[in-house]
Amino acid sequence: MIFYRMIENVLDDGMFSIAGFSGLPGIYCDICGQIWGNSNSRLRMEYPDGYFGSRRQKPISLDQFNDLKKQILDDLGGEWLIQDIEPGVDVGFLSLESASGRSCDFTMPSSNAIVVSQRFISFLMRSFITGWKAHPVIINGSISNDFYEIEIIGNAGLALCDPPIEILYMCNGCGRKTYSDYGKPPTVNNNLWDGSDISKFDGVFGGYVIISEKLGSLLKSESFEGFKLDKL
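Residues numbered from 1 in each chain as written. Predicted model: local features only at pLDDT ≥ 70, side-chain atom pairs only at ≥ 80, totals over all residues. Heavy atoms only, no water.

With that settled, the discussion passes to a nonpolar patch on the surface. Together, Ile 31, Leu 168 and Tyr 169 make up a nonpolar patch on the protein surface, roughly 320 Å² of accessible area in all. Relative to the assigned elements, Leu 168 resides in strand β14 (residues 167-170). (Patch = residues over 30% accessible without salt bridge, like charges linked within 9 Å, V, L, I, M, F, W, Y side chains within 5 Å. Areas by Shrake-Rupley, 256 points an atom, 1.4 Å probe, with all protein chains shown as cover. Salt bridge = Lys/Arg side-chain N within 4 Å of Asp/Glu carboxyl O. Helix = DSSP H or I, 4+ residues; strand = E, 2+ residues; numbered from the N terminus.)

On to the sheet that holds strand β3 (residues 27-28). An order of β4-β3-β6 is seen for the 3 strands of this open sheet, with the pairing classed as mixed. In this open sheet, the two edge strands, each paired with only one partner strand, are β4 (35-36) and β6 (60-61). When β3 meets β6, the two strands line up parallel, connected through 2 bridges. Paired with Tyr 28 across the strands is Ser 61, a residue of β6. (Pairing = 2+ DSSP bridges.)

A word on the nonpolar core. Core analysis: the biggest nonpolar cluster contains 20 residues, and Met 6, Phe 120, Leu 124, Ile 198, Leu 215 and Leu 219 have the highest contact counts within it. Listed by contribution, the elements that provide at least two residues to this core are β1 (3-8), β10 (113-117), α2 (118-126), β12 (142-152) and α3 (213-220). Top contributing element to this core by residue count: α2, with 4 residues. Setting aside its immediate chain neighbours within four residues, Leu 215 contacts Phe 123, Leu 124, Ile 129, Asp 197 and Ile 198. One finds Leu 24, Ile 27, Leu 43 and Ile 60 within the second-largest nonpolar core, a separate group that totals 18 residues. (Core = buried A, V, L, I, M, F, W, Y, C linked by side-chain atoms within 4.5 Å. Buried < 20%, exposed > 50% of the residue type's maximum accessible area, 1.4 Å probe, protein only. Contact = heavy atoms within 4.5 Å.)

In this section: the environment of Gly 50. With respect to the helices and strands, Gly 50 occurs in the loop between β5 (42-43) and β6. As for Gly 50 and Ser 22, which are separated by 28 residues in sequence, their C-alpha atoms are 8.5 Å apart.

Another point: empty space enclosed by the protein. For the structure on display, the rule yields 1 cavity of 30 Å³ or more. In this structure, the largest cavity encloses a volume near 80 Å³. Around the largest cavity, the lining residues are Met 6, Phe 106, Ile 114, Val 116, Phe 120, Ile 150, Ile 152, Ile 198, Val 209, Ile 211 and Leu 215. Counting only elements with at least two residues in the lining of the largest cavity, the list comes to β10 and β12. When the residues that make up the lining of the largest cavity are grouped by side-chain class, the tally is 11 nonpolar, no polar and no charged. (1 Å grid on protein atoms, 1.4 Å probe; cavity = no way out; pocket = protein on both sides within 12 Å on 5 of 7 lines; lining within 4 Å. Points joined across faces, edges and corners; volume = space filled by probe spheres on them. Nonpolar A, V, L, I, M, F, W, Y, C, P; charged D, E, K, R; others polar.)

In this structure, Ser 196 sits in the loop between β15 (177-179) and β16 (198-202). For Ser 196, a relative accessible area of 10% puts it in the buried group. A distance of 2.9 Å separates a polar atom in the side chain of Ser 196 from a polar atom in the side chain of Asp 194. (Polar contact = N/O pair within 3.5 Å; in protein donor to acceptor, adjacent residues only side chain to side chain.)

Taking 1.5 Å of rise per residue, 15 residues should cover 21 Å, and helix α1 (residues 62-76) covers 21 Å from first to last C-alpha, within 8% of that figure. Among the residues of α1, those classed as buried are Leu 62, Phe 65 and Ile 72. Down the axis of α1, the buried set is contained in an arc of 70°. They therefore lie on one face. For α1, exposure combined with an orientation more than 90 degrees from the buried face picks out Asp 63, Asp 67, Lys 70 and Asp 74. Buried residues along α1 sit against β3 and β6. Phi for Gly 77, located one or two positions after α1, is positive at around 50°. (Expected span 1.5 Å × (residues − 1). Arc of directions from axis to C-beta.)

Under the counting rule described, the total for this entry stands at 6 salt bridges. In this structure, the salt-bridge partner of Arg 44 is Glu 151, at a minimum N-O distance of 3.8 Å. Of this pair, Arg 44 sits in the loop between β5 and β6 while Glu 151 sits in strand β12; the two residues are 107 residues apart in sequence, bridging distant segments of the chain. On the accessibility criterion, Arg 44 (14% relative accessible area) is buried. A salt bridge links Lys 70 to Asp 74; the shortest N-O distance between them is 3.1 Å. In this pair, Lys 70 and Asp 74 both sit in helix α1, 4 residues apart, roughly one turn of the helix.

Pasting the structure below:
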């Protein structure tokens, strides 16, 4: 099976910039002694104006964070009950500002955000591509009809590397993991991949956008702009 990594073909001046962040604070853990937060993910959920405030808050203790999670669930309930609420995550729909007059079909204005054109969304739908969800994007204060954020829901498991990546330590308090070093670039373990056309790794390489041979072949026959494909 052939897989590709989809990489932004960066323009000199990015198409969008992040307008602002809202989210949860990071934590400092009394058990493992680490200060951390998962800034590579976001809960794409609606919430009352001003409820979360800025993501750039000072870290809080693990006990304080657990109390905060309980308060969020008590206040918001509903869909929040099934979300994995982690330290440091961004919350809400992606808010952007136009940074240039350019336009392309694929861009990554931050490490946890993939923005694609309506044309690209239409292509994914008519091609029956799996492993993704589309979410609204706010551009210059208004919901866009031309661009959407892609959330990757396909999973490729833990990457294959030489030597293999191993979990060396997982804190039994905050859940933070420490991984072993890796050598050669990662590849997909077919036994762990869930079969989605768009997927992402667990752990160290969670920022990779992985696409199947089927999707790679289709993209090569299209005229989309803003990305390149690297074979894994």
